[in-house]
Amino acid sequence: MRISFAGGGTEIEPYLSERGGVVLSTTIDHYVQGCLKPEDTDGMHLESLDRETMLGYGRREIPPQEIRRELVLAAMKRLAIQASGFSLLLWSDAPPGSGLGSSSSLVVTILGLFRQWRGLLLPNRNLAELAYEIERCELSLPGGKQDQYAAAFGGFNRIEFTREGTFVIPLHLGAAIMNELHSNLLLCFTGRTHPEGKIMGQQMAGYCRRDRTTYEALDALKEIVRAMERALREGRLTSFGELLHEAWVNKRKLAPGITNDRIERFYHIARRKGALGGKILGAGGGGHLLVFCPFERRSRIAAALEEAGGRIVPFHFVEHGLETWRVV
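These remarks concern the structure in this document. (Residues numbered from 1 in each chain as written. Predicted model: local features only at pLDDT ≥ 70, side-chain atom pairs only at ≥ 80, totals over all residues. Heavy atoms only, no water.)

**Some remarks on the pattern of salt bridges**
Thinking step 1. The final tally for this structure, using the stated rule, is 14 salt bridges.
Thinking step 2. Ionic pairing is found between glutamate 129 and lysine 145, a salt bridge with its closest N-O pair at 3.1 Å. Of the two residues, glutamate 129 is situated in helix α5 (residues 124-138) and lysine 145 in the loop between α5 and α6 (146-153); the sequence distance between them amounts to 16 residues.
Thinking step 3. Overlapping salt bridges bring together Arg158, Glu160, Arg226, Glu229 and Arg233 as one network. (Salt bridge = Lys/Arg side-chain N within 4 Å of Asp/Glu carboxyl O. Helix = DSSP H or I, 4+ residues; strand = E, 2+ residues; numbered from the N terminus.)

Below you can see the structure in the form of structure tokens.
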């Protein structure tokens, strides 16, 4: 799964085709995992193993099994895989609506399992694009284009989105900068997942009616991505934290449901305790809040957020994306 620092929303149509998008993100050690087992019987058996995980996030049920089945069937259709017998077991460390890109990671996982099973010549770039087409075009699931590429490629990247194609540019930051950045970040689950589709629909409505505020905010987010990258390359992490706050100010302008009283309370507490910046991850409305704070204030901010009802979630950056292997 991934943490997106800025640029989310610029990779959604029609803005992408009109002005181009850019996102700054990194993958973390939270995963969607799967196991595909060929079977002698005909047909497909799909099983979700993450019920306890979902309950830990306040979800009464596992992610709808029918949606997962539709994703599997769509992937089989696009890869021309016949319904020969197999069982597919899926596990997610976080549910849809958590803001970590879990839904797209699930599709990338399914495609990766089929690629490994059938020995398909499907490069990660094509796999990510196929995952996007399955989610957004075939099944009309709302969202953008960044999560599929983050899950497939992995690492700390600037991802550029144009009409000509999508380009993943690794940042190759030094260990000292990466370690210091990690030491200044807190990931806090707000206690609620976001309402899938509703917020993205509000944002897309802003595009369609050519809302000036929406377009100005998206233009500003692209500039913030560039400034963030410069700050990281130069080791100016205080500036990076302040830019994270600017990104949040502009993201809130994209749709009314992105923030709410609960999120604002968490963010106000973090800022009052010394955080330089932060933002809600994903579409907004719930999920995980990312906070940037000086290392010496990290523990007091974490304690204040947990006292307010949040849950601090440990994480580390990872360089790898999709990985599959065969067990004999």
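**Comments concerning the packing of aromatic side chains**
Thinking step 1. Using the criterion set out here, one finds 12 aromatic pairs in the structure.
Thinking step 2. For the ring pair phenylalanine 5 and phenylalanine 240, a centre distance of 5.4 Å and an interplane angle of 75° mean the geometry is edge-to-face. With phenylalanine 5 in strand β1 (residues 2-6) and phenylalanine 240 in helix α10 (residues 237-251), this residue pair connects regions lying 235 residues apart in the sequence.
Thinking step 3. Residue phenylalanine 240 is classed as buried on the basis of its relative accessible area, which comes to 0%.
Thinking step 4. Among the aromatic residues, those joined into a ring-pair cluster are Phe5, Phe156, Phe240, Phe292, Phe315 and Phe317.
Thinking step 5. Its end group placed over the ring of tyrosine 132, lysine 145 keeps NZ or CZ at 4.8 Å from the ring centre.
Thinking step 6. For the cation-ring pair, arginine 311 lies above tyrosine 57, with the distance from its terminal atom to the ring centre recorded as 4.9 Å. (Phe/Tyr/Trp six-rings, centres within 6.5 Å; stacked < 30°, edge-to-face > 60°. Buried < 20%, exposed > 50% of the residue type's maximum accessible area, 1.4 Å probe, protein only. Lys NZ or Arg CZ within 6 Å of the ring centre and 35° of its normal.)

**Notes on the packing of helix α4 (residues 102-118) against α5**
Thinking step 1. Interhelical geometry of α4 versus α5 gives an angle of 125° and a closest axis separation of 9 Å. Relative to α5, α4 is oriented oblique. The interaxial crossing formed by α4 with α5 has right-handed handedness. Mapping the contact onto sequence places Ser103, Ser104, Val107, Val108, Leu111, Gly112 and Arg115 in α4 and Asn124, Leu127, Leu130, Ala131, Ile134, Glu135 and Arg136 in α5. (Axes fitted to C-alpha atoms, helices over the stretch in contact; angles between N-to-C directions. Parallel < 35°, antiparallel > 145°, perpendicular 65-115°, else oblique. Left-handed = near helix turned anticlockwise from the far one by under 90°. Contact = heavy atoms within 4.5 Å.)

**Describing the nonpolar core**
Thinking step 1. Of all hydrophobic cores here, the largest spans 103 residues; its most connected members are Phe5, Phe114, Leu181, Met228 and Leu232.
Thinking step 2. If one sorts the elements of this core by residue count, helix α9 (residues 212-233) sits on top with 10 residues.
Thinking step 3. Once you skip the residues sitting within four places of it in the chain, phenylalanine 114 turns out to touch Leu36, Val72, Ala75, Met76, Leu79, Ile81, Phe86 and Leu120. (Core = buried A, V, L, I, M, F, W, Y, C linked by side-chain atoms within 4.5 Å.)

**Observations concerning the sheet that holds strand β4 (residues 44-48)**
Thinking step 1. A sheet is described by the order of its strands in space; here three strands give the open sequence β3-β5-β4, paired in mixed fashion. Edge positions in the open sheet fall to β3 (32-38) and β4, since each of these has one partner strand only. Looking at each pair of strands side by side, their axes are set apart by 15° on average, direction ignored.
Thinking step 2. Bridge count between β3 and strand β5 (residues 86-92): seven bridges; the pairing is antiparallel. (Pairing = 2+ DSSP bridges.)

**Section: the pairing of strand β6 (residues 156-162)**
Thinking step 1. Extensive coverage of β6 is indicated by the burial of six of its seven residues.
Thinking step 2. Across six bridges, strand β2 (residues 21-28) lies against β6 in antiparallel orientation. Within the sheet, the bridge partner assigned to serine 25 lies in β6 and is asparagine 157.
Thinking step 3. Where β6 lies against strand β7 (residues 165-170), six bridges are found, and the strand directions are antiparallel. Its bridge partner lying in β7, threonine 162 is registered against glycine 165.
Thinking step 4. In sequence, β6 turns back onto β7 through a hairpin of two residues.

**Quick look at the pairing of strand β9 (residues 277-280)**
Thinking step 1. Neither face of β9 is exposed, since Gly277 and Lys279 on one face and Gly278 and Ile280 on the opposite face are all buried.
Thinking step 2. As paired elements, β9 and strand β10 (residues 288-292) share four bridges and run antiparallel to each other. By the bridge assignment, isoleucine 280 is partnered in β10 with leucine 289.

**Describing the sheet that holds strand β11 (residues 311-312)**
Thinking step 1. Strand order in the open sheet made by the four strands is β9-β10-β8-β11, with antiparallel pairing throughout. The open sheet terminates on both sides in strands that have one partner only, identified here as β9 and β11.
Thinking step 2. Packed on one face of the sheet, helix α11 (residues 261-272) meets β9 and β10 and runs near 165° to β9.

**Structural notes on unusual backbone geometry**
Thinking step 1. Following glutamate 13, the chain continues into proline 14 via a peptide bond in cis, with omega recorded as 5°.
Thinking step 2. The residue proline 14 is located in the loop between β1 and α1 (15-19) in this model.
Thinking step 3. Unusually for a residue other than glycine, serine 140 sits at a positive phi of about 55°.
Thinking step 4. Within the fold, serine 140 resides in the loop between α5 and α6.
Thinking step 5. Of note, the phi angle at histidine 172 is positive, near 50°, even though the residue is not glycine.

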